[in-house]
Amino acid sequence: RREHHGRDWAFLVKVARHYDDFAFTGLLDAVREGENRKKAIAGYRACLAVRPDDHEVQTALGRTLVRSGALEEAAEFFDAILRQGPASHQMVLWSMETLYTLQRFAQLTELAGRHQHLFSGDEDGMVRIRETVDLWSGRYTGDGLHKVAIFELISIAERSALVRDARVLEFTEGTFIVRQGD
């Protein structure tokens with residue numbers, strides 16, 4: 001069927017995903033899993049030969065490279081793709097995982113800082129991911145203030161000083177805390 005469909009992108013994607021999914025099932029022995037990952041990688045590359053800017057396929061190829069243990073190749077691939085233009089948060093996360101595994105912490109910090117804007121949502125799971133990205137980007141200080149919009153305007157050092165010097169004051173209901181002009 002592959003010979004008949006040639007460069008039919010939709011068919012190429014289905015074949016690559018089939019091999020990728022089959023390798024990921026956990027049902028195969030290590031040799032067959034590796035063979036399927038190699039076929040998935042070849043398939044994703046064939047897809048990118050037809051549509052080189054497809055982010056979903058780029059992410060799938062990078063992820064499969066990581067899962068196959070080709071971490072150096074995955075790191076180079078993600079770096080090239082992420083420097084070309086817009087990225088998805090999935091692609092950035094796979095790249096971060098690759099850099100972490102390779103212990104390239106300076107690159108990980110730079111990547112997190114460059115793409116932290118992709119992790120601003122509050123949907124399920126995103127808060128934990130955002131905190132991790134904030135940690136690696138240097139924005140997270142453990143004080144939680146980086147999550148409050150007004151405190152994003154001040155530096156980490158200023159937030160740290162604010163936390164260090166702040167005092168907790170309690171007021172009863174109806175007590176004036178500040179008056180106009182104070």
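Just above, that's the structure.
Below you will find a few notes about this structure. All figures in this text were calculated on a predicted structure; none of them were measured in a lab.

Each value, and the rule that gives it
- Residues numbered from 1 in each chain as written.
- Predicted model: local features only at pLDDT ≥ 70, side-chain atom pairs only at ≥ 80, totals over all residues.
- Heavy atoms only, no water.
- Helix = DSSP H or I, 4+ residues; strand = E, 2+ residues; numbered from the N terminus.
- Rg over C-alpha atoms; globule rule 2.2 N^0.38 Å.
- Buried < 20%, exposed > 50% of the residue type's maximum accessible area, 1.4 Å probe, protein only.
- Contact = heavy atoms within 4.5 Å.
- Lys, Arg positive; Asp, Glu negative; His and termini not counted.
- Charge placed at Lys NZ, Arg CZ, Asp CG, Glu CD.
- Salt bridge = Lys/Arg side-chain N within 4 Å of Asp/Glu carboxyl O.
- Polar contact = N/O pair within 3.5 Å; in protein donor to acceptor, adjacent residues only side chain to side chain.
- Phe/Tyr/Trp six-rings, centres within 6.5 Å; stacked < 30°, edge-to-face > 60°.
- Lys NZ or Arg CZ within 6 Å of the ring centre and 35° of its normal.

**Brief notes about the overall build of the chain**
Then, in step 1: The number of helices and strands found in the chain is 9 helices and 0 strands.
Then, in step 2: In summary, the chain has a C-alpha radius of gyration of 23 Å against a globular reference of 16 Å for 182 residues, an excess of more than 25%.
Then, in step 3: In terms of overall dimensions, the chain has C-alpha extents of about 80 × 35 × 30 Å along its principal axes.
Then, in step 4: In the chain, which comprises 182 residues, the share counted as buried stands at 32%.
Then, in step 5: Pairs at least 24 residues apart make up 44% of the contacts formed inside the chain by residues separated by at least 6 positions.
Then, in step 6: One way to put it: in the chain the 24 positive side-chain charges average out to a point 5 Å from where the 28 negative ones average out.

**Regarding the pattern of salt bridges**
Pairing between side chains of opposite charge can happen when the charged atoms of each approach one another.
Then, in step 1: Applying the stated rule across the entire model yields 8 salt bridges.
Then, in step 2: The salt bridge involving Asp20 is made with Arg63; its shortest N-O contact spans 2.2 Å. In this pair, Asp20 is assigned in helix H2 (residues 9–24) and Arg63 in helix H4 (residues 55–67), connecting sequence segments 43 residues apart. Of the two residues, Asp20 and Arg63, neither departs from the other in class, the shared state being buried.
Then, in step 3: We note a salt bridge from Glu33 to Arg37, for which the minimum N-O separation is 2.6 Å. Of this pair, Glu33 and Arg37 both sit in helix H3 (residues 30–50), 4 residues apart, which is roughly one turn of that helix.
Then, in step 4: Using a relative accessible area of 23% as the deciding quantity, one classes Glu33 as partly exposed.
Then, in step 5: Look at the salt bridges and you will find they share partners, linking Asp79, Arg83, Glu110 and Arg114 into a network.

**With respect to the side chain of Thr64**
Then, in step 1: If you trace the backbone, Thr64 turns up in helix H4.
Then, in step 2: You can call Thr64 buried: its relative accessible area is 0%.
Then, in step 3: A distance of 2.7 Å separates a polar atom in the side chain of Thr64 from the backbone oxygen of Ala60.
Then, in step 4: When neighbours within four sequence positions are excluded, Thr64 is seen to be in contact with Asp20, Arg37, Ala40, Ile41 and Tyr44.

**Here's the deal with the packing of aromatic side chains**
Then, in step 1: Scanning the model with the defined rule gives 4 aromatic pairs in all.
Then, in step 2: Here the aromatic rings of Tyr100 and Trp136 are separated by 6.1 Å at their centres, their planes lie at 75°, and the arrangement is edge-to-face. Of this pair, Tyr100 sits in helix H6 (residues 89–101) while Trp136 sits in helix H8 (residues 126–137), and the two are 36 residues apart along the sequence.
Then, in step 3: Accessibility expressed as a relative area gives 49% for Tyr100, which makes it partly exposed.
Then, in step 4: Trp136 gets classed as partly exposed once you look at its relative accessible area, which sits at 23%.
Then, in step 5: Among the aromatic residues, those joined into a cluster by ring pairs are Tyr100, Phe105 and Trp136.
Then, in step 6: Just above the ring of Trp9 sits the side chain of Arg51; from NZ or CZ to the centre is 4.0 Å.

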